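Single-letter residue listing:
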Amino acid sequence: MVNKITTNIESVLKSIPDGATIMTSGFGTTGQPEALIEALIDIGTKDLTIINNNASSGPGGLTKLFLAGRVKKLISSYPKSISSTVFADLYRAGKIELELVPQGNLACRIQAAGAGLGAIFTPTGYGTKIAEGKETRHINGKNYVLEYPLEADYALIYADKADRWGNLTYRKAARNFGPIMAKAAKQTIVQVNQTVELGTLDPECIITPGIFVQHVVAVGDI
């Protein structure tokens, strides 16, 4: 019987090696798999490359991971936050690397990896420092920049409900980057508020099919 649900966070995260590339969902704190991210600190995983829309806001989640010195590089569209200067301080001190990616490009590059595409052409960034050293083309009267897919070893994402097969539903804005990240990683680990019986979820409401999910960690409401 297939059952991807566990309550033991350590059992599913301890296989993540040092130096792994990890996608984490979230737009600020909304949709951030805070329990999964913070569990990496206790396990001791280090030298991580994190792909996230932003450098966290507030004291938890990625902020704690940055403070623990476990991240060597961040790939992000918005690394600055009014409520947290941790990443900015580390970056200025030369203790962490940054690859800045416009938000639309970030989403499209992740989608490209999930779809198995070789690359995409986007107009965003053309003529700026972001395009320096990259191939450009003039297509149908517009200028474009070649960008390559963003894929990861692991995706740590947040969802609302899951069944034992790993089918997922999301709640409102917490959906953000989770669905596309689940498709772009070799392994997807999901933090959920609630697990339900197989067949309970309305098929029309399932956003991420279980085929893209390897582990579901039930942590309850947070």
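Throughout, residues of each chain are indexed from 1 in the direction in which the sequence is written. For this predicted model, a pLDDT threshold of at least 70 governs which residues receive local features, and a threshold of 80 or more governs which side-chain atom pairs are given and counted, while totals over whole chains, interfaces and linings are taken from all residues. For the side-chain quantities, the full set of heavy atoms in the structure was used; hydrogens and water were omitted.

Q: So what exactly am I meant to see when it comes to helix α2 (residues 34–43) here?
A: Structurally, the α-helix is built with 3.6 residues per turn, so residues lying three or four positions apart point the same way. Buried, partly exposed and exposed residues are distinguished by accessible area as a fraction of the type maximum, computed with a 1.4 Å probe on protein chains only: under 20%, between the cut-offs, and over 50%, respectively. Where helices and strands are cited, they refer to DSSP runs of H or I of at least four residues and of E of at least two residues respectively, numbered from the N terminus. Every buried residue belonging to α2 is among Leu36, Ile37, Glu38, Ala39 and Leu40, and all of these are buried. Of the residues trailing α2, Gly44 is marked for its positive phi of about 100°.

Q: Is there a simple way to think about the packing of aromatic side chains in this case?
A: In this description, a pair of aromatic rings is defined by centroid distance and the angle of the planes. Ring geometry is summarised as follows: Phe, Tyr and Trp rings, the Trp one being its six-membered ring, pair when their centres sit within 6.5 Å, and such pairs are stacked at plane angles under 30 degrees, edge-to-face over 60 and tilted between the two. Counted according to the given criterion, the structure contains two aromatic pairs. Seen from their ring centres, Phe66 and Phe87 are 5.6 Å apart, and the 55° between their planes marks the pair as tilted. You can see Phe66 sitting in helix α3 (residues 62–67) and its partner Phe87 sitting in helix α4 (residues 86–92), a full 21 residues away along the chain. No difference in accessibility class separates Phe66 from Phe87, as the two residues are buried. Pairing Phe87 with Tyr91 gives two aromatic rings, centres 6.0 Å apart and planes at 15°, and the pair type is stacked. In this pair, Phe87 and Tyr91 are both assigned in helix α4, four residues apart and thus about one turn of the helix distant. Its relative accessible area of 42% is what places Tyr91 among the partly exposed residues.

Q: Help me out: how do you make sense of the pairing of strand β7 (residues 136–139) in this one?
A: Strand residues, when the strand is regular, have side chains that alternate between the two faces of the sheet. Sheet topology places β7 next to strand β8 (residues 142–147); four bridges connect them, and they run antiparallel. Residue Ile139 lies in a different strand from β8, and its bridge partner there is Lys142. From the end of β7 to the start of β8, which pair antiparallel, there are two residues, and Asn140 there has a positive phi angle of about 50°. Should DSSP find at least two bridges between two strands, the strands are regarded as paired.

Q: I tried to follow the pairing of strand β2 (residues 21–24) on my own but got confused; where do I start?
A: Side chains Thr21 and Met23 project from β2 onto one buried face, and the interleaved Ile22 and Thr24 project onto a second face that is buried too. As paired elements, β2 and strand β3 (residues 48–51) share three bridges and run parallel to each other. In the strand pairing of β3, Thr21 is matched with Thr49. Read as a crossover between parallel neighbours, the route from β2 over α2 to β3 is right-handed. We call a crossover right-handed when, viewed with both strands directed away from the observer, the connection leading from the first strand over the helix to the second proceeds clockwise.

Q: When you look at the side chain of Ser25 in this model, what are you seeing that I'm missing?
A: Here Ser25 lies in the loop between β2 and α2. Separated by 3.2 Å, the side chain of Ser25 and the backbone nitrogen of Tyr158 make a polar contact. Between two residues, a contact is recorded if the distance between any of their heavy atoms is within 4.5 Å. For Ser25, the contacting residues outside a window of four places in its chain are Gly31, Gln32, Pro33, Asn52, Leu156, Ile157, Tyr158, Asn176, Phe177, Gly178 and Met181. N or O atoms closer than or at 3.5 Å make up a polar contact, with two conditions inside protein: a donor-capable atom paired with an acceptor-capable one, and, for residues adjacent in sequence, both atoms drawn from side chains.

Q: It is not clear to me how the sheet that holds β8 should be interpreted in this structure. Could you clarify?
A: Pairing between the strands of a sheet is mediated by backbone hydrogen bonds and can be parallel or antiparallel. What the three strands build is an open sheet, ordered β6-β8-β7; its pairing is antiparallel. Only two strands of the sheet have a single partner each, and these edge strands are β6 (120–122) and β7. On average, each strand axis in the sheet is inclined to that of its neighbour by 40°, with strand direction left out of account. In this analysis, axes come from line fits to C-alpha atoms, helices being fitted only over the stretch in contact, and the angle between any two N-to-C directions falls in the range 0 to 180 degrees. In the packing of helix α5 (residues 103–115) onto the sheet, contacts are made with β6 and β8, and the angle to β6 comes to roughly 165°.

Q: I keep staring at the side chain of Thr169 and nothing clicks. Help me out?
A: Its location among the elements puts Thr169 in strand β10 (residues 168–169). Excluding its chain neighbours within four sequence positions, the residues that come into contact with Thr169 are Ala159, Asp160, Lys161, Leu201, Cys205 and Ile206.

Q: Please clarify how the environment of Ser56 should be interpreted in this entry.
A: The topology assignment puts Ser56 in the loop between β3 and α3. Between the alpha carbons of Ser56 and Thr29 there is a distance of 6.6 Å; along the sequence they are 27 residues apart. Residues within four places of Ser56 in sequence aside, it is in contact with Gln32, Leu62, Thr63, Ser81 and Ser84.

Q: Where do I start with α5 in this structure?
A: Between its terminal C-alpha atoms α5 stretches 18 Å, which fits the 18 Å expected from 13 residues at 1.5 Å a residue. Those residues of α5 not exposed but buried are Asn105, Leu106, Ala107, Arg109, Ile110, Ala112 and Ala113. In the stretch just after α5, Gly116 is the one whose phi turns positive, near 75°. How far a helix is expected to stretch is found by multiplying one less than its residue total by 1.5 Å.

Q: Looking at this structure, how should I read unusual backbone geometry?
A: Note: most peptide bonds trans; most residues except glycine with negative phi. Of note in the backbone geometry, Asn140 takes a positive phi value of approximately 50° without being a glycine. Along the polypeptide, Asn140 turns up in the loop between β7 and β8.

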